[in-house]
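# Examining the three-dimensional arrangement
What follows is the residue order along each chain.
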Amino acid sequence: MLIGIAKRMSQTKAMHGAMMSHMMSWIIARRTRIIVLLLVSMVTLWLLTIAEMCITKFPPDSFYFATQLPIYYWAGLVLGCSALWLLVSSSSKGRHSAILDICFIIILAMYLFGIPSFVYANPRFMDVYGVIDRIIQTIEVGHIIPYGGWDREFPLQAIFPAQISLILGTSVFQLARFFPLIHVLLVSFLIYAISRKMLSQYYILAPALYLSISWMPAHHLSPQSYGLMLTAVFLFLLIARFMDKPATTKKLLLIAIMATTVLSHAPTPLINLVPLLLMVVLSCGSTFWQRKVISTKQVAMVTTVYAVMYFGYLHFNASDILAVAVSQIQTSLNNLHGGNILVTADWTVTEPMRCHVFITWLRLLSVVSVCLVGLVSILLLFKKKYDRFAFLISCLFLGYISLSVAFFATQNITFVERGFVFALVPFSILIPLALSAGIRSKLSKVFGLICGLLLIFHLFLAPLTARGVDPYMVPSKSEIAGREFVVRNRELKRQIDFRVYGAPVVFQTIWYNYLSLKHQMGEEYANQFEVPGLDKVYNSGQFRVFLPRDKNVFQKLLEVWHYTGFREPR
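Read on for an overview of the structure.

### With respect to the environment of I105
- When you line up the elements, I105 lands in helix α4 (residues 98-119).
- With 83 residues separating them in the primary sequence, I105 and S188 have C-alpha atoms 7.6 Å apart.
- Discounting residues that sit within four places of it in the chain, I105 has contacts with L185, S188, F189, Y192, I204, P207 and L211.

### Details of the packing of aromatic side chains
- This model, assessed by the stated rule, comprises 27 aromatic pairs.
- Relative to F420, the ring of W215 lies with its centre 5.6 Å away and its plane at 35°, an arrangement referred to as tilted. Taken together, the positions of W215 in the loop between α9 (205-213) and α10 (223-243) and F420 in helix α18 (residues 416-437) put the pair 205 residues apart, joining distant regions of the chain.
- On the basis of relative accessible area, F420 is assigned to the buried category, the value being 1%.
- With 4.2 Å between their ring centres and 20° between their planes, F485 and Y538 make a pair best called stacked. Here F485, found in helix α20 (residues 477-488), pairs with Y538, found in strand β2 (residues 534-539); they are 53 residues apart in sequence, far enough to count as distant. Pair check on accessibility: F485 and Y538 agree, each one buried.
- Through pairs of rings, three or more aromatic residues link up here, namely Y472, F507, W511, Y512, Y514, Y525, F529 and F546.
- Sitting above the plane of the F242 ring, R241 keeps its charged end 5.5 Å from the centroid.
- Directly above the ring of F113 sits R467, whose terminal nitrogen or CZ lies 5.6 Å from the centroid.

### Some thoughts on the pairing of strand β3 (residues 543-548)
- Most of β3 sits inside the fold, with five of its six residues counted as buried.
- Bridge count for strand β1 (residues 506-508) against β3 is three bridges, and the pairing is antiparallel. Pairing of V506 across the sheet is with V545, part of β3.
- Where β2 meets β3, five bridges bridge the pair, whose relative direction is antiparallel.

### Re the pattern of salt bridges
- The full count for this structure, using the stated rule, is two salt bridges.
- A salt bridge links D101 to R196, with the shortest nitrogen-to-oxygen separation between them at 3.6 Å. Here the residue D101 occupies a position in helix α4, and R196 occupies one in helix α8 (residues 172-198), the gap between them amounting to 95 residues. Taken individually, D101 and R196 each receive the classification buried, so the pair is uniform in this respect.

### Quick notes on the packing of helix α5 (residues 127-141) against helix α7 (residues 156-168)
- At a minimum axis separation of 9 Å, α5 and α7 run at an interaxial angle of 70°. It follows from the interaxial angle that α5 and α7 lie roughly perpendicular. Classified by chirality, the crossing of α7 by α5 is right-handed. Here R134, I135, T138 and I139 of α5 come into contact with α7, specifically with Q157, A158, P161, A162, S165 and L166.

### Remarks on the nonpolar core
- In terms of nonpolar packing, the biggest core is built from 121 residues, with F104, Y210, F234, F420 and F427 touching the most fellow members.
- Leave out the neighbours within four places in its chain, and F427 touches I213, V370, V373, G374, F397 and L454.
- Judged by nonpolar contacts, the second largest core, of 32 residues, contains V128, L517, F529 and V531.

Rules and cut-offs
- Residues numbered from 1 in each chain as written.
- Predicted model: local features only at pLDDT ≥ 70, side-chain atom pairs only at ≥ 80, totals over all residues.
- Heavy atoms only, no water.
- Helix = DSSP H or I, 4+ residues; strand = E, 2+ residues; numbered from the N terminus.
- Contact = heavy atoms within 4.5 Å.
- Phe/Tyr/Trp six-rings, centres within 6.5 Å; stacked < 30°, edge-to-face > 60°.
- Buried < 20%, exposed > 50% of the residue type's maximum accessible area, 1.4 Å probe, protein only.
- Lys NZ or Arg CZ within 6 Å of the ring centre and 35° of its normal.
- Pairing = 2+ DSSP bridges.
- Salt bridge = Lys/Arg side-chain N within 4 Å of Asp/Glu carboxyl O.
- Axes fitted to C-alpha atoms, helices over the stretch in contact; angles between N-to-C directions.
- Parallel < 35°, antiparallel > 145°, perpendicular 65-115°, else oblique.
- Left-handed = near helix turned anticlockwise from the far one by under 90°.
- Core = buried A, V, L, I, M, F, W, Y, C linked by side-chain atoms within 4.5 Å.

Here you go:
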C-alpha cells in the first residue's frame with residue numbers, strides 16, 4: 001500500500017513537472033511572438049516616419065529636427081522600450097536566441113542614426129566634405145596625396161574608406177551619407193559580443209545603452225570614427241586576452257589592431273593608453289588590498305608594447321602630431337583658471353539662443369549622469385563581484401571618463417566628447433554587469449530602476465542631444481551646388497578657402513545658423529554682404545559668392561568676419 005502511494009506521488013510529480021515545463025515553453029514562445037510583433041511594428045512605424053519627413057534646409061533652431069518627427073517615431077520608441085523590457089526579462093531567465101537581439105539592435109540604430117541618413121540629402125558634419133575630397137583624390141591618383149601632413153603620417157584614414165568605396169562600387173558621397181549607421185552598428189555588435197560572451201543576464205542592455213547615449217559626433221566619416229571602431233575591436237581582443245588562456249593568435253591579433261590604430265588616427269592610441277596605465281597602477285595596488293585579480297606583468301607588457309609602437313611611430317614619421325599634442329596640453333594647463341560653465345562647455349558661445357543653452361545643459365546632464373551611474377556601478381561590483389572581468393571594465397571606464405573630466409576642467413573642448421564616447425563602450429557593459437552581480441538585493445533593484453530611467457531619458461531626448469547641432473552642420477543641396485560651382489572655377493577657388501566655415505566672400509546658411517544660435521548675430525553677419533563694393537558672382541539660394549572690388553572692402557570683411565566668427569582669418 002505504501003509502495004502504491006509512493007508510485008502515485010512520483011507519477012503526480014512527474015506530471016506536474018511536465019505541465020510546468022510545457023507551461024514555461026508556452027510562455028517563452030508567447031513572449032517570442034510578442035517581441036517579433038513589436039519589432040515588425042517598429043519597422044512599419046520607421047518606414048512611415050521617413051516617408052513623412054522631408055528636411056531640405058534648417059532654420060536656426062536646435063529643436064527643429066525634433067519638431068519635424070511625426071507621431072510614428074515616438075510610437076516606435078515606445079514599442080522599442082516594450083521590446084527591450086521583454087528581451088531583458090528573457091535574458092534574466094537564461095540565454096535566448098541572439099537573432100531577436102540582433103534584430104532589435106539594427107532597428108534601434110535605424111531609429112536613432114538611420115533617419116538622418118535617409119531624410120537628409122547630404123551627409124552630416126562639415127568635416128566630412130574635406131575627408132570626401134581626400135578620398136576621391138586617393139582613388140583617382142592611386143596613392144595618398146599629402147594634405148597638411150595628416151594623410152602621409154596616418155595613411156589608413158584615407159585607405160580604409162577608399163577600399164570600401166571600391167569594393168562596394170558606391171560613390172564616396174553615398175558612403176559618407178550612410179557611414180554613421182554602418183559604423184554605429186559595427187561598434188554596437190562588438191559591444192553585444194563582449195557582453196553576451198561574458199554575462200549570463202541583461203546582456204542586451206549593453207548595445208541599447210550605447211545607442212541611446214551616443215550623441216557625440218563620433219560616427220561620421222572621419223579619422224576619429226576609425227579610431228573608435230578599432231578601439232572597440234581592441235577592447236574585445238584585450239578582454240579575450242586576459243579572460244582566457246593567452247594564445248599566440250590572440251597576442252598577434254592584439255598587436256595587429258594596435259598597429260592599425262596607430263596608422264589610422266593620431267589621438268586614439270594616446271586615449272587608449274590612459275586606461276591601460278590606470279590598469280597597471282590598480283593591478284599593483286590590488287596586491288596591497290590582498291585581492292589581486294590580474295597579472296600586473298601582463299598588463300604592463302601590453303601597455304609598453306602599445307606605447308613604444310605609438311611614440312616610436314610619432315618620432316620617426318609623425319613628429320608634427322606630437323608637437324600638436326604638446327601644444328594642446330600646454331593650452332589645457334593655461335586654461336586651469338576656470339570660467340563660466342557654459343563657455344567651458346562650448347568656447348565659441350557669447351550670447352547663445354535659449355534653445356542652444358538647453359541643448360548644452362542636456363549634454364552636460366548626460367555626461368554627469370553617466371559619470372555618477374558608472375561610479376555607483378563600480379562600487380556595487382567591488383562589493384559584490386570583484387573578479388577579473390569587473391576589474392578590466394572598471395579600469396577602462398575610469399580611464400576614459402577621467403580624460404573627459406580633465407579636459408572639461410581645463411576648457412579643452414576638443415577631447416571632452418571623444419573621451420566620453422570612448423567611455424561609453426565600457427560603461428554600456430558595466431551597467432548590466434553590475435545588475436547581474438547584485439540581482440537579489442534591494443539596492444540592485446533601485447539601481448536597476450535608475451539605469452532604466454537613464455536609458456529612457458537618453459532614448460527620447462536623442463533628437464535633441466544628437467541632432468541639436470544639425471542647423472549648422474548639415475549643408476543643403478543649394479550650398480553643395482555652390483561649392484561645386486566654385487571648385488569648377490579655378491579663379492574663385494584661389495580666393496575662397498572652403499576649409500573654413502565662413503569665408504569673407506561667401507554667405508552660407510549653415511554659417512548664418514551658427515552665428516544665430518551661438519552668438520545671436522546672424523542678421524549682422526548677413527548684412528555685411530549688402531555693403532557697396534561687392535559683386536555677387538553666384539547665387540544658388542542658400543549659398544552666395546561675393547568678390548570685393550577693392551582691398552578696403554575686403555579688409556573690412558576680414559575684420560567683421562573675425563569679429564563674428566571663431567577662427568583666425570587666413
